[in-house]
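Chain by chain, the residues:
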Amino acid sequence: MSDTKSSAADVAQDATASTVATDLQDERLIHNAGAGGAVRAFFTRVRGGDLGTLPVIIGLVVIWAVFQLLNPNFLSSTNLVNLTLQCAAVGTISIGIVLVLLLGEIDLSVGSVSGLGAAILAVTFVQQGWNPIFSILLALAVGVAIGLLYGFLYTRFGVPSFVITLAGLLGFLGLQLWVLGPTGSINIPFDSFLVQFAQQWFLPAWVSYLLIVLFVAVYAWQLVSQARRRTAAGLSAMPAGSIIVRAVVLLLLLGAAAWYLNLTRGVGAMFVFFLALVLIFNYALTRTRWGRAVFAVGGNVEAARRSGIRVNRIYMSVFVLCSTLAIVGGLLAASRLAAANQGSGGGDINLNAIAAAVIGGTSLFGGRGSAFSALLGILVIQSISSGLTLLNLDSSVRYMITGVVLLLAVIVDSLSRRSRRAAGRA
Amino acid sequence: MTLTSQPTTERSRPGDHILALRGVGKKFGAIQALTDIELDVHAGEVVAIVGDNGAGKSTLVKILAGVHPPDGGTIEFHGNKVAIASPADSKQLGIATVFQDLALCDNLDVVANLWLGRELTHNASLDEVEMEKRSWTLLRELSAKIPSVRTPIASLSGGQRQTVAIARSLIGEPSVVILDEPTAALGVAQTAEVLNLIERLRERGLGVVLISHNIADVQAVADRVVVLRLGRNNGDFRVADVSSETIIAAITGATDNAVTRRAAHKTASTSIVTEASE
Ligand SMILES: Nc1ncnc2c1ncn2[C@@H]1O[C@H](COP(=O)(O)OP(=O)(O)O)[C@@H](O)[C@H]1O
Ligand SMILES: [Mg+2]
C-alpha cells in the first residue's frame, strides 16, 4: 500500500469488490494511497477549511523564530522550562473553556472562580490549619457547585451562558474577597507539598524518557490494534509503514524536547499534570459516548435531543467540568506563586484562558475543537508573554500583541468556517 | 441482521396488520386539526398520505411519533391497543419517524450520525470499527450511494442526507417507518434515489408511511394512498386502481368521484381487517 507509484486512477481501476476494503469501494472516491496520497489528502482537507491545529502550529513556529532572533535566550533550555511551568495553570483552565466552546457556550467567570479556589485553599490550609487535602477537596466541591448552579440556570431558565457567567465573574470575585477577609494576601508555606509540586518537583531525566517510551508504545499499540480490527472487519486500515513512521517521529520529537528541557531543570511535575489532563480530556472527547454527545449538542442541539441524548445532562456536566477545572487552575496558580491574594485569578487570566482555547483552534461557533487547543493556545500566549519579558517590554505591549493574535485566531476561525461552507463541510 | 446490540425483536411477516388507527382526533385550541381519522398500515406496504396544506398530515405524523397525544380514538399496534404518550413510547413500539427537517449533526460524520445516541462501545470506548462496519452493511442493503462514511454530513447532497436520515431510523429495528415529505427539497435524480430507498424498506418487510405532496412520487412507490382533506379521511385507494385525476379530485374536494370510491373501498378494507384479526 505504501508505494508512491500507483496513481489514484490505477488503484481505482484495479479495485474489484473482493480485494478492496468496504469503505474504499465507491468509484467516486479519490484514492489517496501512499505518502504522496497522504499529502494530497492533507491539502484537500486544508483547502476545504478543515484547518485543525495547522494555523496555531505555524503561528507558534513563527513566534518562536521571531523571538529567538530578537533575543538568543528565548529558546534556551532555562527559558523553555519556565515557559512550560507558566503554561500549566491557565492551560488547565483553558481545557474547561474548550469544553464549553464545543457546546457553543462560554464561561466568562473562570478567572474569578480560579481566584476563589486559591482563596479557599489559602484560608483553610494556612489560616485554619486544615490538612491541605481537605482544603483541595473543599475547593473542588465549590467548583462543582458553581458548575451545577450555572447548568441549572442555563437548562432551567434558558438564560444565555454569556450573561450567567458574567454575573458569576462579579459574584465570585466578591466571594473571593470575602473569603480572604481583611488580610488580603496569604502566603503558602514553601515546604508544603503544593508549592513543592508546583515549583520544585521535576521528573528525573530517566523517568521522563521512560514515560515518553511508554506513551509512544501505547500510542503505537492503539494504532496497531485498530488497524488489525479494521482489517478483520474488511475495512481499510493504516499500513504498518505509516504506523512505524508516526511512532518514530513522535518518539523523536518528544525525546528531543525532554532532552532539551533536561539540560537544565527538566520536565516539571506541574507541566506533566497539565499534559495528563489534556490527554484525558482528549480521550473523553474523542473516544467516549459522552464526548460524542458534546460534539453533537454543539453541532445541532435539536438533532442531539431527538436521538435520545439527554441534552441537559451534557450541559450540566460541561459547566461542572469547566468550573472545576477553573478551580484546579487556581490551585496550581496559587501553589506556583506560593500565595493567594486579592489579585489571584484577576488580571489577564480570564481572557488568556479563553483566548488560548480559540487561538488553539477550537471554534467559537460550537461543535469543532480539541483538548489539544488548550495546550497549543496557551503555549502561544505564554511564548509571547515570555518573549516580551525577555525584551524588557511591559504588559502594555503584551496585552496589545495578545489581542492581535486573538483577533487573528478568530479571523482564521471565521474564514475556515466560511470555506467549510463553500466546500460543503460547514 | 442485527444492527443493535439488543436482541432483535420479532419481525413482522409480510401482510401483518401492524398499525390501525380508528376514530383518531386532535384539536389545537379552536382548530379541529384531525377528525375521526382511520389509517391502516401492513408490513411490506407503502401507504402514502396526501392532502393539501393544512390537511393535517404533519399532525397525524406527530401523533404517531408521540409528539402530540391524540384527543380521542384508538391506536392498535400489532393488534394491541397502545397509548403513544411520548417520542420514547413511539420508538419503543417500533415506530421510526424521519421528520422533514432531518436533524443531522453537520459537524459529525455519517457513522457518528447513524449511531448518535446509541453508539456501540468496546472496552468502554467507542467501537468505531464495528459501527463503521455495520454502517456499510446497512447502507449496502439499502443500495445507498454514499461514497464515504467518514466525511462530515455537511458535504453530502440532499438525497444522501435524506438517505442517512432514513438509514438512521432503521438502526433501532423498527416495524414502521414514517417519512414526512422526504423528497420535498430534492432534484430529479435524488428523488429517484430516495424512492429506490423506499422500495428497499418495503422489501425489508417494513410498513412505510410516506407523506408527500407529489402525486408522481406517490404513484411511483406507494401501494395505497390515503387522502386527507380538512382533517378528515377523504379517500383510500389502491394506487394500481386509481388515476392521478381521482387522487387530485379527492385532495381538492371535488368529492363526487372520491366519495363513491371511498365507500367502495370501505367495504374492501373492512374485509382486510377481519381477515387480519382472524
Ligand atoms: N401545534 C399546533 N398548534 C395549533 N395549530 C396547529 C398546530 N399544528 C398544526 N396546527 C393546525 O392544524 C392544521 C393541520 O396542520 P398540519 O398537520 O401541519 O397540516 P399539513 O402537514 O397537512 O400541511 C392546520 O390548520 C394547522 O394550522
Ligand atoms: Mg406538513
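Residues numbered from 1 in each chain as written. Chains lettered and ligands numbered in written order. Predicted model: local features only at pLDDT ≥ 70, side-chain atom pairs only at ≥ 80, totals over all residues. Heavy atoms only, no water.

Moving on, we get to the overall build of chain A. Check the secondary structure of chain A and you find 17 helices and two strands. Across the 426 residues of chain A, 47% fall into the buried class. Counting only contacts in chain A whose residues sit at least 6 apart along the sequence, the fraction spanning at least 24 positions is 79%. When the accessible surface of chain A is summed, it comes to about 20,000 Å², and 68% of that surface belongs to carbon and sulfur atoms. (Helix = DSSP H or I, 4+ residues; strand = E, 2+ residues; numbered from the N terminus. Buried < 20%, exposed > 50% of the residue type's maximum accessible area, 1.4 Å probe, protein only. Contact = heavy atoms within 4.5 Å. Areas by Shrake-Rupley, 256 points an atom, 1.4 Å probe, with all protein chains shown as cover.)

Pairs can form between side chains of opposite charge whenever their charged atoms are close. One pass over the full model with this rule turns up 21 salt bridges over all chains. Across the salt bridge formed by E128 of chain B and R292 of chain A, the nearest N and O atoms sit 2.7 Å from each other. Linking E128 of chain B in helix α4 (residues 128-141) with R292 of chain A in helix α12 (residues 289-299), this pair reaches from one chain into another. The class for E128 of chain B is buried, based on a relative accessible area of 16%. (Salt bridge = Lys/Arg side-chain N within 4 Å of Asp/Glu carboxyl O.)

Residue and element names in this part refer to chain A. A grouping of W130, I133, F134, L137, L138, F193 and W201 is seen on the molecular surface, where their side chains present a nonpolar patch of about 680 Å² in accessible area. In terms of residue count, helix α6 (residues 132-157) provides more of the nonpolar patch than any other element does, four residues in total. One can find I133 in helix α6. For I133, a relative accessible area of 42% gives the class partly exposed. (Patch = residues over 30% accessible without salt bridge, like charges linked within 9 Å, V, L, I, M, F, W, Y side chains within 5 Å.)

This part takes up the nonpolar core. I95, I97, F274, V297, I309, I359 and V380 of chain A are the most contacted members of the largest nonpolar core, which has 109 residues in total. Among the elements that take part in this core, helix α4 (residues 77-102) of chain A stands out by supplying 16 residues, more than any other. Apart from the residues within four sequence positions on either side, I309 of chain A is in contact with A293, A296, V297, A304 and I314 of chain A together with L116 and G117 of chain B. Judged by nonpolar contacts, the second largest core, of 54 residues, contains A96, A167, V221 and A222 of chain B. (Core = buried A, V, L, I, M, F, W, Y, C linked by side-chain atoms within 4.5 Å.)

Residues and elements named next belong to chain B. Positionally, T74 belongs in strand β4 (residues 72-77). For T74, a relative accessible area of 23% corresponds to the partly exposed category. It is 16 Å that separates the C-alpha atoms of T74 and N233, two residues lying 159 residues apart in sequence. Not counting residues within four places of it along the chain, the set of residues in contact with T74 comprises A20, L21, R22, V24 and K81.

Before going further, it helps to examine the packing of aromatic side chains. Residue and element names in this part refer to chain A. A full pass over the atoms with the stated rule returns ten aromatic pairs over all chains. Ring plane angle 85° and centroid distance 5.9 Å describe the contact between F152 and F157, whose orientation is recorded as edge-to-face. Ring geometry for W259 against Y260: centres 6.3 Å apart, planes inclined by 45°, an arrangement best described as tilted. Joined through ring pairs, the aromatic side chains of Y150, Y154, F172, Y315 and F319 make up one cluster. (Phe/Tyr/Trp six-rings, centres within 6.5 Å; stacked < 30°, edge-to-face > 60°.)

With that settled, the discussion passes to the pairing of β4 of chain B. Residues and elements named next belong to chain B. The pairing of strand β1 (residues 17-28) with β4 spans five bridges and is classified as antiparallel. Across the sheet, the residue bridging to R22 is T74, located in β4. In sequence, β4 turns back onto strand β5 (residues 80-82) through a hairpin of two residues, with H78 there showing a positive phi of about 50°. (Pairing = 2+ DSSP bridges.)

Moving on, we get to the sheet that holds β1 of chain B. Within a sheet, each strand pairs with its neighbour through backbone hydrogen bonds, oriented either parallel or antiparallel. Residue and element names in this part refer to chain B. Ordered in space as β2-β1-β4-β5, the four strands form an open sheet in which the pairing is antiparallel. Only two strands of the sheet have a single partner each, and these edge strands are β2 (31-42) and β5. If you compare each strand with its neighbour and ignore which way they point, the axes differ by 25° on average. When β1 meets β2, the two strands line up antiparallel, connected through eight bridges. From the neighbouring strand, L21 faces β2, where its bridge partner is L39. (Axes fitted to C-alpha atoms, helices over the stretch in contact; angles between N-to-C directions.)

A few words on helix α9 (residues 205-232) of chain A. With 28 residues, α9 of chain A extends 41 Å between its outermost C-alpha atoms, agreeing within 8% with the 40 Å of an ideal straight helix rising 1.5 Å per residue. Every buried residue belonging to α9 of chain A is among V207, S208, I212, V216, A220, L223, A227 and R230 of chain A, and all of these are buried. On its buried side, α9 of chain A packs onto α10 (240-262) of chain A together with α4 of chain B. A positive backbone phi angle near 80° is found at G234 of chain A, which sits one or two residues after α9 of chain A. (Expected span 1.5 Å × (residues − 1).)

Turning next to the site of ligand 1. Residue and element names in this part refer to chain B. As a structural note, the neighbourhood of ligand 1 is formed by F28, A33, D52, N53, G54, A55, G56, K57, S58 and T59. Backbone polar atom of A55 to an oxygen atom of ligand 1: 3.2 Å apart, as the coordinates give it. At a separation of 2.9 Å, an oxygen atom of ligand 1 approaches a polar backbone atom of G56. Top element by residues in the shell around ligand 1 is helix α1 (residues 57-65). It accounts for three residues. Across the shell around ligand 1, the residue classes tally to three nonpolar, five polar and two charged. (Near = heavy atom within 4 Å. Polar contact = N/O pair within 3.5 Å; in protein donor to acceptor, adjacent residues only side chain to side chain. Nonpolar A, V, L, I, M, F, W, Y, C, P; charged D, E, K, R; others polar.)

All names here are of chain A. The N-to-C vectors of α4 and helix α15 (residues 349-359) enclose an angle of 60°; their axes lie 8 Å apart at closest approach. Considering their axes alone, α4 and α15 lie oblique with respect to each other. Judged by the twist between their axes, the crossing of α4 over α15 is right-handed. Facing α4, whose interface residues are V90, I93, S94, I97, V98 and L101, α15 presents I349, N352, A353, I354, A356, A357 and V358. (Parallel < 35°, antiparallel > 145°, perpendicular 65-115°, else oblique. Left-handed = near helix turned anticlockwise from the far one by under 90°.)

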